[in-house]
Amino acid sequence: MQILHTISYRNGIFYLTLIIYSGLLSTKTFAQTGLDKKVAISPSPRTVKNILVQIEEQTGLSFVYSSSQVSVKAKITLKNPSAAVSEILEQIETLTALNFIPNGNQVVVKQLGYGTVTGRLMDQEREPVEYATLSFTTGQGAITDSRGNFTIKKVPEGNRVLLIRMVGYKNTQKQIMVKANETTTVPDIILEESINKLETVVVNASEKTNKFAQKETGYVARMPLDNLENPQVYSIVPKELMQEQVITDIDDALRNSPGTIPVVYVSGGFGTTFRGFDAGINARNGMETAAFRSSSDIANVERIEILKGPSGTLFGSNVSSFGGVINLVTKRPFEDNKTEISYTTGSYDLHRITTDINAPLNKEKTALFRLNTALNREKSFLNYGFNNTLLIAPSLLYKVSDRLTFMVDFEVFNANSTRNRFSRYDANSGITSPEDIKLDYRKVLYHEDADAKSSSTKMFTQATYRISKNWTSTTLFSFVGEDVDRSYQYYPTWLSPTTASRGIGNWGPIYNNFTNIQQNINGELTTGSIKHKILIGANFRYHKARSEAGTARAIDTVDVTTDFDVLRKDELDAHIVSRHWAGWHSADDQTLSAYVTDVVQFTDRLSTMLSLRIDHFNRGRSGTVEGYHQTALAPKLGLVYQVIQDQISVFGNYMSGFQNQAPTTQPDGSLRILDPIYAVQSEGGIKIEAFDKKLSTTISYYNITIDNAIRRDPDGFVIQDGKQVSKGFDIEVITNPVEGLNLIAGYAYNDNRMIKASDESIEGNKATGSPENVVNFWASYVFHNKLKGLGIGFGGNYVSDNFQFSDNVFTIPAYTILNTSVFYNQPKWRIGLKVNNITDQKYWSITGVPQAPTNFMANLTLRF
């Protein structure tokens, strides 16, 4: 080997002459210059220099290069180490930035220049493909952003092969001619979906980088906006995490979001508390839904999005609370035939069967159908109680053309179950905590024949039309109907730790109908060097509700330390006094809204969000209570600066909004009509997505100030006379520090206090249901090599103590629950085992309802 280190420095003219002369000969192929002799190179990874030495030793050829200008230190693995010299050199050229020029028995080694390659990945619907992995055979690579864009720098010049990989899509190769010192922009690359699209997984999803850090969403800002570009804080619970934790209901899933505390209302519906405020499951694919009385099933849920802070500007006052929004994103049809059947069994006679069937309806795959179902049968850990539900959720996607797509989905959910009790406490009871009550932890006061039966029907349609390359129209219609046949709700009043006066209420028949029509226009434009992302939208909402109900406040008094009898349905019915209200819950009301957002991108790093919503709310008369109408403005401002582009951003936001309040039923059965609540939030923080997205972190501080706040007195009556300030900070860390290990951790601190109230004795007190400290944690490890697919998980939640009433006397104790799981995932099947509350902790919800002790679940999933 002739190394021209000295010559190239002392006599550059000689070296340049040699290269030019060799270039004249480069039109000859390796074979024509005698380089067709076969050699055998050691198969293990070798430096280029070592490979060239082996070739010289076996052939007598000589490689000529300047060690100061040509890098031969890179380690490579040859795909075919036993081949002709010409093939070996071609392999090296494919894997490095080197070029070989034959000249008789000498081969000149030339260092190539470098260029930059940019482009965009799209799916077959011309939607951006986010977080796809791209790499050249020479080692350079990138990951697409939320808009499908990628930039790969320092790519060796020449005709290069770009490899594209993304779970749910076929692996793709693209030939690209790279020019030195130039940027090559390739036309949009269209990816084709693969058969692994169901659950976007099988085994691959469990192996992808930081699989729980899925921040991509088009719902949070109602436009494609990267997490680092969004001035709002949000968390996402993906299906991979729900599957790993063997989750069968929404409340356990939401415990994975920082500061989020689930609660099941006495009415049977489901909600949460975070940032000090209640938030129901009020959004489904960005549109209004309802679960106040009918709850929901998780079988049709792709992921859960938790938006932090008042989000009325984009979602409206009927969807957002001042804590934020919970948005369920449902499963959508795709182009392949795929079926998944799952069976879960466990403690308390749990038996649950779910199916997920997907199929194209025509050869062109323009009509796609998907059906999700769930049948759930389960007893309570209490001596009486059960939860039986049925979900049927078909969906249809129809691609009319490259521009127009229709999406229609239905959901029917039937539930027959028992309700949680809501305890009241006499002022002289001496009870200051649910721990004081002497009723056995596993016993109830009412028989399960006093149950509840409800159903919900949901229909959503969406028409998406691509107006042009940068502008899209989306038209949406939704109908949500909640119907309650009966709902026996238990209201004991505790006279002492051992004595309870049993009361009851039966709500039904009830119906709540919600109809929404929404139109959104999304687009991008530029004004000079400034880029704009635009959203213009309008929404019409109509709500109709009617109800019948009856109550009995004091039926009897029972000593719970004795062998007492539970009250049965026939006994309760004999005491219930019916009440008929023409417009219970809310009189018929309509809301007409318009909103606009402009995300102004001044530079690649600096952007601001300017949003404004106008709502005109009109509510009719409710019984003897006059209706009202009101017009309100809800602005939202945000500022983002990326300290390190695509890795670290600092942000701030200012959001104001109002919340229309539906009437509420007081403990004595009377109806309380509430006025809208007004709030202002200011927030600032930092977001991090670093180390090739192996670390995703959000840290923020917020302050929410509310006028005419809602509070409850010790008797459980709702009063609206307060001013309230909720402030604190949230921390979320999602990381994949080493291959196979995934961690989620969250901490939320909240100080939520009544600042002004008509009752001066409660001023300065904590708001109800607002724990100061909430922690969530989950760690899982998936083995590779021989144990590939086997995984273990461990985690838990901590919730500090909090007050159930505004006098801050009755305290819900703090608790820590720990859970663990073991799972084995294979392409055609999966098995999972889960143990919840492994320390058998006794704990109560924020409404004082006892929660399940140690329990287990086992799941088997088959894929076809």
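Just so it is clear, the model here is predicted, and its values are computed rather than measured. (Residues numbered from 1 in each chain as written. Predicted model: local features only at pLDDT ≥ 70, side-chain atom pairs only at ≥ 80, totals over all residues. Heavy atoms only, no water.)

Chemist: Is there a simple way to think about empty space enclosed by the protein in this case?
Modeler: To find leftover empty space, a probe the size of one water molecule is rolled over the atoms. Tallied over the entire structure, the rule returns 12 cavities of 30 Å³ or more. There is about 450 Å³ of room inside the second largest cavity. Every residue lining the second largest cavity is counted, 23 residues in all, and those nearest its centre are Ile 247, Lys 331, Glu 340, Ser 342 and Thr 354. Of all the elements in the fold, those that place two or more residues in the lining of the second largest cavity are α6 (239-244), β25 (338-346), β26 (350-360), β27 (367-379) and β53 (855-863). At 4 residues, β26 tops the list of elements feeding residues into the lining of the second largest cavity. Classifying every residue of the lining of the second largest cavity gives 6 nonpolar, 10 polar and 7 charged. (1 Å grid on protein atoms, 1.4 Å probe; cavity = no way out; pocket = protein on both sides within 12 Å on 5 of 7 lines; lining within 4 Å. Points joined across faces, edges and corners; volume = space filled by probe spheres on them. Helix = DSSP H or I, 4+ residues; strand = E, 2+ residues; numbered from the N terminus. Nonpolar A, V, L, I, M, F, W, Y, C, P; charged D, E, K, R; others polar.)

Chemist: I would appreciate a short explanation of the packing of helix α3 (residues 48-59) against helix α4 (residues 85-95) in the present structure.
Modeler: Axes are the key here: two packed helices are described by the angle between their axes and the distance separating the axes. Contact geometry for α3 and α4: axes closest at 12 Å, N-to-C directions at 170 degrees. The orientation of α3 relative to α4 falls into the category roughly antiparallel. Facing α3, whose interface residues are Val 48, Ile 51, Leu 52, Ile 55 and Thr 59, α4 presents Val 85, Ile 88, Leu 89 and Ile 92. Classifying every residue of the contact of α3 with α4 gives 8 nonpolar, 1 polar and no charged. (Axes fitted to C-alpha atoms, helices over the stretch in contact; angles between N-to-C directions. Parallel < 35°, antiparallel > 145°, perpendicular 65-115°, else oblique. Contact = heavy atoms within 4.5 Å.)

Chemist: Whenever I open this one, the pairing of strand β24 (residues 324-330) confuses me. Can you help?
Modeler: Residues in a regular strand point their side chains to alternate faces of the sheet. Counting buried residues along β24, 7 of its 7 residues qualify, which places the element largely inside the surrounding structure. Side-chain alternation along β24 places Gly 324, Ile 326, Leu 328 and Thr 330 on one buried face and Val 325, Asn 327 and Val 329 on a second face that is also buried. Pairing of strand β21 (residues 283-284) with β24 involves 2 bridges; the strand directions are parallel. Of the residues in β24, the one forming a bridge with Arg 284 is Leu 328. Where strand β23 (residues 301-308) meets β24, 7 bridges bridge the pair, whose relative direction is antiparallel. Bridge pairing in β24 links Ile 306 to Ile 326. (Buried < 20%, exposed > 50% of the residue type's maximum accessible area, 1.4 Å probe, protein only. Pairing = 2+ DSSP bridges.)

Chemist: Would you explain the nonpolar core in this entry?
Modeler: Side chains of nonpolar character tend, in soluble globular proteins, to be buried together. In this structure, Leu 445, Trp 494, Ile 504 and Leu 572 are the most contacted members of the largest nonpolar core, which totals 27 residues. Every element with two or more residues in this core is listed here: β32 (471-490), β34 (499-527) and β35 (530-559). At 3 residues, the largest contribution of residues to this core is made by β35. Excluding residues that lie within four positions of it along the chain, Ile 504 makes contacts with Tyr 446, Tyr 488, Gln 489, Tyr 490, Tyr 491, Gly 550, Thr 551, Ala 552, Ile 555, Leu 572 and Ile 576. (Core = buried A, V, L, I, M, F, W, Y, C linked by side-chain atoms within 4.5 Å.)

Chemist: Is there a simple way to explain the environment of Ser 44 in this structure?
Modeler: With respect to the helices and strands, the residue Ser 44 is situated in the loop between β2 (38-40) and β3 (46-47). Of the residues examined, Ser 44 reaches a relative accessible area of 35% and is grouped as partly exposed. For the pair formed by Ser 44 and Lys 75, sequence separation is 31 residues and the distance between their alpha carbons is 9.7 Å.

Chemist: Looking at this model, I keep getting lost on a nonpolar patch on the surface. Mind explaining?
Modeler: A grouping of Ile 341, Tyr 343, Ile 353, Leu 375, Leu 390, Ile 392, Val 412, Trp 829, Ile 831, Leu 860, Leu 862 and Phe 864 is seen on the molecular surface, where their side chains present a nonpolar patch of about 960 Å² in accessible area. For the nonpolar patch, the elements supplying multiple residues, two or more each, are β25, β28 (386-399), β52 (829-836) and β53. Tracing the backbone shows Trp 829 in strand β52. (Patch = residues over 30% accessible without salt bridge, like charges linked within 9 Å, V, L, I, M, F, W, Y side chains within 5 Å. Areas by Shrake-Rupley, 256 points an atom, 1.4 Å probe, with all protein chains shown as cover. Salt bridge = Lys/Arg side-chain N within 4 Å of Asp/Glu carboxyl O.)

Chemist: Help me understand the sheet that holds strand β18 (residues 261-264) in this model?
Modeler: Consider a sheet: its strands pair through backbone hydrogen bonds, and that pairing is either parallel or antiparallel. Taken in spatial order, the 3 strands of this open sheet run β18-β19-β20, and their pairing is antiparallel. The sheet terminates laterally at β18 and β20 (277-280), the two strands that pair on one side only. Ignoring strand direction, the axes of neighbouring strands in this sheet form an average angle of 35 degrees. Bridge count between strand β19 (residues 270-274) and β20: 4 bridges; the pairing is antiparallel. In the sheet register, Gly 271 faces β20, and the bridge partner there is Gly 280.

Chemist: Can you walk me through the packing of aromatic side chains in this structure?
Modeler: Centre distance and the angle of the planes are the two values used to describe a pair of aromatic rings. Counted under the stated rule, the structure contains 16 aromatic pairs. Ring geometry for Tyr 815 against Tyr 843: centres 4.6 Å apart, planes inclined by 35 degrees, an arrangement best described as tilted. Of the two residues, Tyr 815 is situated in strand β51 (residues 815-825) and Tyr 843 in the loop between β52 and β53; the sequence distance between them amounts to 28 residues. The class for Tyr 815 is buried, based on a relative accessible area of 5%. Here the aromatic cluster, defined as three or more aromatic residues joined through ring pairs, consists of Tyr 348, Phe 381, Tyr 441 and Trp 844. Taking the ring centre of Tyr 114 as reference, the NZ or CZ of Lys 154 above it sits at 5.3 Å. We note Arg 222 situated over the ring of Phe 315; from NZ or CZ to the ring centre the distance is 4.6 Å. (Phe/Tyr/Trp six-rings, centres within 6.5 Å; stacked < 30°, edge-to-face > 60°. Lys NZ or Arg CZ within 6 Å of the ring centre and 35° of its normal.)

Chemist: What should I look at first to understand α3 in this one?
Modeler: With 12 residues, α3 extends 16 Å from end C-alpha to end C-alpha; this agrees with the ideal 16 Å at 1.5 Å per step. Those residues of α3 that fall on the buried side of the exposure criterion are Val 48, Ile 51, Leu 52, Gln 54, Ile 55 and Glu 56. Just downstream of α3 lies Gly 60, where phi reads positive at about 85 degrees. (Expected span 1.5 Å × (residues − 1).)

Chemist: For this particular structure, what's the right way to read the pattern of salt bridges?
Modeler: When charged atoms on two side chains of opposite charge get close, those side chains can pair. What the rule picks out here adds up to 32 salt bridges. A salt bridge links Asp 297 to Arg 352; the nearest nitrogen and oxygen atoms lie 2.8 Å apart. Of this pair, Asp 297 sits in the loop between β22 (287-288) and β23 while Arg 352 sits in strand β26; the two residues are 55 residues apart in sequence, bridging distant segments of the chain. No difference in accessibility class separates Asp 297 from Arg 352, as the two residues are buried. Asp 356 is the partner of Lys 331 in a salt bridge, and the nearest nitrogen-oxygen pair spans 3.7 Å. Of this pair, Lys 331 sits in the loop between β24 and β25 while Asp 356 sits in strand β26, placing them 25 residues apart in sequence. Among the residues examined, Asp 356 registers a relative accessible area of 2% and is labelled buried. Each of Arg 275, Lys 308, Glu 683 and Asp 730 takes part in salt bridges that share partners, so that together they form one network.

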